[in-house]
Amino acid sequence: MNEHGILHMPDSKYCFPLNANSLVLRLRIDKNDSVDKIEVIHECKYKIQEKQQVTIMEKKYEDHLFSYYEVSLPLTDVRLAYVFRIWEKGKGYYYSEDGLSENYNFSLGYYNFFQLPYINEADVHQEVDWMKEAVFYEIFVDRFYCDEEKKKKDYINLNWGEKPNPKSFAGGDIPGIIEKLDYINALGANALYLTPVFQSISNHKYDISDYHMIDERFGTKEHFKNLVDEAHKRGIRVVLDAVFNHCSELLPQFQDVLENGSKSPYFDWFIIKGEKPEKAILNYEVFAFCEYMPKFNTSNPNVQEFLLDIAVSWIEKYDIDGWRLDVSDEVSHDFWRMFRKKVKAVKRECVIIGENWHDANSFLQGDQYDGIMNYAFTKACLDYYAFEVFDAREFAWKLNHLLMRNTSQVNTMMLNLLDSHDTDRFYTSVNKNKDRMLSAAAVMCMFIGAPCIYYGTEILLEGGYDPDNRRCFDWDESHWDTEFYGMLTNLLGLRKKDVVQNGAINITERDGMLVLSRSLKGEKLVLFTNQSGKTIEIKEEGEILFSNSFQAALDVKEDFIFGSLRTDGFVIIKK
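Residues numbered from 1 in each chain as written. Predicted model: local features only at pLDDT ≥ 70, side-chain atom pairs only at ≥ 80, totals over all residues. Heavy atoms only, no water.

Draft legend 1. Focus on the overall build of the protein chain. For the protein chain, the count of helices and strands is 13 helices and 26 strands. For 575 residues, the compact-globule estimate of 2.2 N^0.38 gives 25 Å, and the protein chain sits close to it at 26 Å. For the protein chain, the residues scored as buried account for 59% of the 575 residues in total. The long-range share in the protein chain, meaning contacts at least 24 apart out of those at least 6 apart in sequence, stands at 67%. (Helix = DSSP H or I, 4+ residues; strand = E, 2+ residues; numbered from the N terminus. Rg over C-alpha atoms; globule rule 2.2 N^0.38 Å. Buried < 20%, exposed > 50% of the residue type's maximum accessible area, 1.4 Å probe, protein only. Contact = heavy atoms within 4.5 Å.)

Next up, the structure:
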């Protein structure tokens with residue numbers, strides 16, 4: 001047995017409460033170890049010296065290096081002590097805080113058993129319930145739809161449908177989104193993620209000069225209030241983009257610093273090396289290398305008060321349903337802890353989604369974000385469908401690995417996406433292969449977490465890197481691929497099923513195909529995807545729910561499916 005491969009950490013993603021009286025335990029081992037079974041031996045930490053309970057763990061996940069065993073324990077006494085017993089070739093080995101041993105003395109266990117001393121309600125990461133059924137639709141506001149009644153059009157410099165450049169303005173606005181809410185609803189989306197809508201001179205609005213004003217090119221506060229109200233009438237949530245890492249150089253407080261330097265009362269709102277900010281030598285912190293986007297000093301109490309007031313006021317005044325946090329990994333944990341407490345005190349069901357492109361476990365302990373934009377999932381799909389560096393087995397390993405990065409609650413609240421305003425369009429990345437696009441969408445809709453469709457995906461909008469990925473939506477329906485649109489709508493509808501919202505997940509490989517299943521209370525959905533480059537025969541019990549590039553064959557046996565799954569195709573079978 002490879003002792004170096006064994007890992008467990010109390011009070012972490014390997015040991016976390018689901019609620020006030022149950023928790024999940026995970027144990028990682030080397031996948032090449034020939035384990036018979038793994039048990040967790042547990043009891044109240046004040047009783048385990050005299051008696052113990054034994055519960056079998058289940059092997060649930062496997063990546064390229066490790067197997068992960070998991071168990072959910074209901075507790076009558078939440079002061080838990082536990083050790084693991086790993087059986088190999090008929091012999092049991094104990095695993096405690098002292099590592100692996102052939103024997104274990106429970107009478108002295110208080111020195112070295114693992115423990116979760118007490119489940120405090122404040123330490124339980126509460127799920128945002130509506131995220132389990134959420135289907136997000138991301139809108140880059142300037143490019144979605146322009147209201148015909150727009151009064152001011154003098155700023156528009158891009159004919160609708162032409163390729164944009166970084167300075168293009170096409171005229172999309174909030175009244176235009178309101179007009180298309182029924183369209184969004186019919187697609188199957190029930191949550192909007194809007195790129196910034198606040199006062200800014202740019203088309204993207206990530207350089208904000210007034211956080212309390214809707215940008216006049218997008219509309220008014222009344223328009224925005226109407227958007228939220230009309231969205232809520234249709235069961236659609238509204239999530240806004242919080243740009244709290246940095247601002248526009250036109251923010252009045254930064255303008256005061258430019259004028260008065262270190263004598264400005266706002267000088268410490270920013271991070272400046274010298275007596276005043278100087279663009280020529282860029283002696284102040286900024287987003288990336290953009291001198292027009294100075295970085296906030298979020299450790300300054302006045303900045304904290306300023307930003308937290310913004311976060312709370314848009315919830316209180318307009319009843320928004322969440323914040324997506326721009327460049328959130330460059331802001332301190334301390335600030336996000338304050339942010340969470342303020343936001344959740346006003347509206348507990350307000351979701352908090354960070355923009356962290358990498359493993360964000362330190363931000364996802366239940367005291368900061370609820371989830372993140374899951375760009376690691378995006379990259380895994382690109383590696384399988386676009387770059388072809390993964391085969392089905394490697395893709396399965398990667399998806400399992402991603403699930404093991406975080407707790408069950410966090411996985412449920414991840415925002416899973418194939419593309420966004422910050423990436424190439426996925427359809428373009430797969431060389432406009434509609435079959436691969438649909439197969440990837442099927443994986444996204446069956447995976448744990450909320451799928452997010454970037455506007456225009458449903459009509460196969462193309463685009464490379466920024467700004468090409470921010471093209472105008474083509475509202476001429478004669479240009480649409482209605483078959484693709486219909487199949488994507490069907491896939492998004494999977495989120496309404498209880499088995500997809502709450503079911504256990506299993507991801508593996510069989511005969512060169514990815515096999516992803518969700519199961520709950522006797523119901524099971526199984527997704528097969530084929531990127532092998534050849535046709536693969538499938539014989540499976542059940543009925544076909546959705547499929548693409550699957551040729552079913554007739555068979556005399558009822559409740560069995562025989563057929564051929566062509567490369568780039570998928571099939572979802574209900575059992």
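Draft legend 2. Representation of the packing of helix α5 (residues 301-318) against helix α6 (residues 333-346). Interaxial distance between α5 and α6 falls to 10 Å at its minimum, and their mutual angle equals 30 degrees. In terms of axis orientation, α5 runs roughly parallel to α6. Here α5 and α6 pass one another in a crossing that is right-handed. Taking contact as the criterion, the partners of Q304, L307, L308, A311, V312, I315 and E316 in α5 are, on α6, D334, F335, M338, F339, K342, V343 and V346. Taken together, the residues of the contact of α5 with α6 break down into 10 nonpolar, 1 polar and 3 charged. (Axes fitted to C-alpha atoms, helices over the stretch in contact; angles between N-to-C directions. Parallel < 35°, antiparallel > 145°, perpendicular 65-115°, else oblique. Left-handed = near helix turned anticlockwise from the far one by under 90°. Nonpolar A, V, L, I, M, F, W, Y, C, P; charged D, E, K, R; others polar.)

Draft legend 3. Region of the structure containing a nonpolar patch on the surface. Taken together, the side chains of L108, Y110 and Y111 make up a nonpolar region of the molecular surface, amounting to roughly 370 Å² of accessible area. Under the relative-accessibility criterion, Y110 is labelled partly exposed at 48%. (Patch = residues over 30% accessible without salt bridge, like charges linked within 9 Å, V, L, I, M, F, W, Y side chains within 5 Å. Areas by Shrake-Rupley, 256 points an atom, 1.4 Å probe, with all protein chains shown as cover. Salt bridge = Lys/Arg side-chain N within 4 Å of Asp/Glu carboxyl O.)

Draft legend 4. Summary view of unusual backbone geometry. Note that the residue after D466, namely P467, is joined by a cis bond; omega there is 10 degrees. Within the element layout of this structure, P467 appears in the loop between β20 (450-454) and α12 (482-492). Within the chain, K205 stands out as a residue other than glycine whose phi angle is a positive 70 degrees. Its place among the elements puts K205 in the loop between β13 (198-199) and β14 (210-214). The buried category is assigned to K205, whose relative accessible area is 1%. Notably, L282 is not glycine yet its phi reads approximately 45 degrees, a positive angle. You can see L282 is positioned in the loop between α4 (252-260) and α5. Classification of L282 as partly exposed rests on a relative accessible area of 29%.

Draft legend 5. Looking closely at empty space enclosed by the protein. With the rule as written, the count across this model stands at 2 cavities of 30 Å³ or more. There is about 120 Å³ of room inside the largest cavity. Residue lining of the largest cavity: 20 residues in total, with N374, L402, R405, N406 and M414 positioned closest to the centre. Those elements giving two or more residues to the lining of the largest cavity turn out to be β18 (371-374), α7 (375-386) and α8 (392-403). Among the elements that make up the lining of the largest cavity, the one with the highest residue count is β18 (3 residues). (1 Å grid on protein atoms, 1.4 Å probe; cavity = no way out; pocket = protein on both sides within 12 Å on 5 of 7 lines; lining within 4 Å. Points joined across faces, edges and corners; volume = space filled by probe spheres on them.)

Draft legend 6. The pairing of strand β11 (residues 136-139), seen in detail. The alternating pattern of β11 places F136 and E138 on one face and Y137 and I139 on the opposite face, and all of these are buried. As judged from the 4 bridges shared by β11 and strand β12 (residues 191-194), these two strands associate in the parallel manner. Each residue of the ladder has a partner; that of I139, found in β12, is L194. By the bridge criterion, 3 bridges tie β11 to β20 in an arrangement that is parallel. Paired with E138 across the bridge in β20 is Y454. (Pairing = 2+ DSSP bridges.)

Limitation: the analysis is restricted to geometry and does not speak to function.
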